[in-house]
Amino acid sequence: MTHPVAADNELDIRGLCCALWRGKFWIIGGGVLFALLAWLYTLVVTPKWSTTAITDRPTVNMLSGFYSQQQFLNNLDQRAGNINLNAPQPTVMDEAYQEFIMQLSAWDTRRDFWLQSDYYKQRQTGSARENAALLDELIANIQFQPADAAKNINDTVKLVAETSGDANTLLRQYVAFANGRATTHLNEELAGAWAARSIQLKAQIKRQEAVATAIYDREIHSVEQALKIAQQQGFEQTKTDTPSEQLPDSELFLLGRPMLQARLENLRASGPSYDVEYDQNRAMLATLNVGPTLVKAFQTWRYLRTPEEPVTRDSPRRLLLMIMWGAVGALTGAGTALIRRPRKGHVVNQRTN
């Protein structure tokens, strides 16, 4: 007597569940085994902890004496007409912070920081190739995200290290290192700009003196010529009612010898005349000649989020890995149980026999 054979594509839910139940030890064993392997992996892999700092522009008092000296140069440029007043100008705080951000995100700054750090020196090996690979990895572990006003995100820097304490300490050290490089560049720029303004102001004063001397010499020559003519003509009295300021140089002799003689002596006694701008430039130059007082240490940033020791590590995430690989092990065990279950065709043949 023969029994009908079920279609090959028929889904036997009851049989599947029974097969899985019979293979429950494979499923449980696979899950436990893979979870155990994941746990062992978390013990040997290098852990990674990260901490984050958020920065913004400094305040005036943080810049110390640099602010007043840089503002003095900016006012000098504005007075000289070197700045377009119609366009918005960055403040001294903006300029200092932009230099800090440039150093904070620069590849050279990250490289130089790791080269002088004990963290990198303690992990060096005898192989130059391995040391170079380690240095590249450490450089990549410092990540900078620029501000985005549209997303309301400030400038952010993140550092990854092997322990939470190292991550916190190294990020604070890196921010201070970038600030040191920024202050050095700002001081060098201040000293160079100070010297350039001094040279520019000296040249301007020389031009003003040359113009005043030329005008003075011309006035002396005009009065001397007029005096000579007045003496030749015998003009002892003024021959005109026109004020002397309105007379052309060719008619100055009409003022008479006594007045011209007095005017000549007055010119020689007083010397060239200068306007107020010349006196202001001389005063500015006297200030510039003193030279800038460079402040070696000042703060070009302020924290919106101060680095702290992280409480959870980035990788490896032990619990998550154990759950994931435990699930993979359970699926592997289920597949093994299904493969080892007796085949329906084999059972039918046994019953037929």
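Structure's up top.
Residues numbered from 1 in each chain as written. Predicted model: local features only at pLDDT ≥ 70, side-chain atom pairs only at ≥ 80, totals over all residues. Heavy atoms only, no water.

Asks: Would you mind going over helix α9 (residues 257-270) with me for this structure?
Replies: Along an α-helix, residues three or four apart share an orientation, since each turn contains 3.6 residues. Compared with the 20 Å implied by 1.5 Å per residue over 14 residues, the 20 Å span of α9 between its first and last C-alpha is a close match. Here the buried face of α9 lies against α8 (164-233). The first or second residue beyond α9 is G271, which carries a positive phi of 75°. (Helix = DSSP H or I, 4+ residues; strand = E, 2+ residues; numbered from the N terminus. Expected span 1.5 Å × (residues − 1). Contact = heavy atoms within 4.5 Å.)

Asks: What should I look at first to understand the packing of α8 against helix α10 (residues 276-290) in this one?
Replies: A pair of packed helices is characterised by two quantities: the angle between their axes and the separation of those axes. Interaxial distance between α8 and α10 falls to 10 Å at its minimum, and their mutual angle equals 150°. For the element pair α8 / α10, the angle class is roughly antiparallel. Handedness of the α8/α10 crossing: left-handed. The segment α8 lies against α10, with W194, R197, S198, L201, K202, Q204, I205, Q208 and E209 engaging E277, Y278, N281, R282, M284, L285, T287, L288 and N289. The residue inventory of the contact of α8 with α10, partitioned by class, reads seven nonpolar, six polar and five charged. (Axes fitted to C-alpha atoms, helices over the stretch in contact; angles between N-to-C directions. Parallel < 35°, antiparallel > 145°, perpendicular 65-115°, else oblique. Left-handed = near helix turned anticlockwise from the far one by under 90°. Nonpolar A, V, L, I, M, F, W, Y, C, P; charged D, E, K, R; others polar.)

Asks: Where do I start with the environment of Q237 in this structure?
Replies: Considering the arrangement of structural elements, one finds Q237 in the loop between α8 and α9. Judged by relative accessible area, Q237 falls into the exposed class, the value being 56%. In the structure, Q237 is positioned 20 residues away from R257 in sequence and 7.1 Å away in space, judged by C-alpha atoms. (Buried < 20%, exposed > 50% of the residue type's maximum accessible area, 1.4 Å probe, protein only.)

Asks: What exactly am I supposed to notice about the packing of aromatic side chains here?
Replies: The geometry of two aromatic rings is summed up by the distance between their centres and the angle between their planes. According to the stated counting rule, one finds ten aromatic pairs in the structure shown. Summarising the aromatic geometry, the rings of Y97 and F100 are spaced 6.1 Å apart at their centres and angled 35° between planes, so their arrangement reads as tilted. In this pair, Y97 and F100 both sit in helix α4 (residues 92-105), three residues apart, roughly one turn of the helix. Neither Y97 nor F100 differs from the other in exposure class; each is buried. Relative to F177, the ring of F113 has its centre 5.8 Å away and its plane inclined at 55°; by these criteria the two rings are tilted. Note that F113 is positioned in helix α5 (residues 107-115) and F177 in helix α8, a separation of 64 residues in sequence. Through successive ring pairs, a cluster of aromatic residues spans F113, W114, Y119, Y174 and F177. A cation over an aromatic ring shows up here: R123 above the ring of Y119, its NZ or CZ 3.7 Å from the ring centre. (Phe/Tyr/Trp six-rings, centres within 6.5 Å; stacked < 30°, edge-to-face > 60°. Lys NZ or Arg CZ within 6 Å of the ring centre and 35° of its normal.)

Asks: Would you mind going over unusual backbone geometry with me for this structure?
Replies: Backbone geometry places S64, a non-glycine residue, at a positive phi of 55°. With respect to the helices, strands and loops of the structure, S64 is situated in the loop between β1 (49-56) and α3 (65-80). Phi is positive for N152, close to 60°, though the residue is something other than glycine. Of note, N152 is situated in the loop between β2 (142-145) and β3 (155-161).

Asks: I'm lost on the pattern of salt bridges in this one. Help?
Replies: A pair can form between side chains of opposite charge whenever their charged atoms are brought close. For the structure on display, the rule yields ten salt bridges. Salt-bridge contacts for R57 lead to D94; the nearest nitrogen and oxygen are separated by 2.7 Å. Within this pair, whereas R57 is found in the loop between β1 and α3, its partner D94 is found in helix α4, the two being separated by 37 residues in sequence. Relative accessible area serves as the criterion here: at 35%, R57 is assigned to the partly exposed category. On the basis of relative accessibility, which here comes to 22%, the residue D94 falls in the partly exposed class. Salt-bridge contacts for D112 lead to R111; the nearest nitrogen and oxygen are separated by 4.0 Å. (Salt bridge = Lys/Arg side-chain N within 4 Å of Asp/Glu carboxyl O.)

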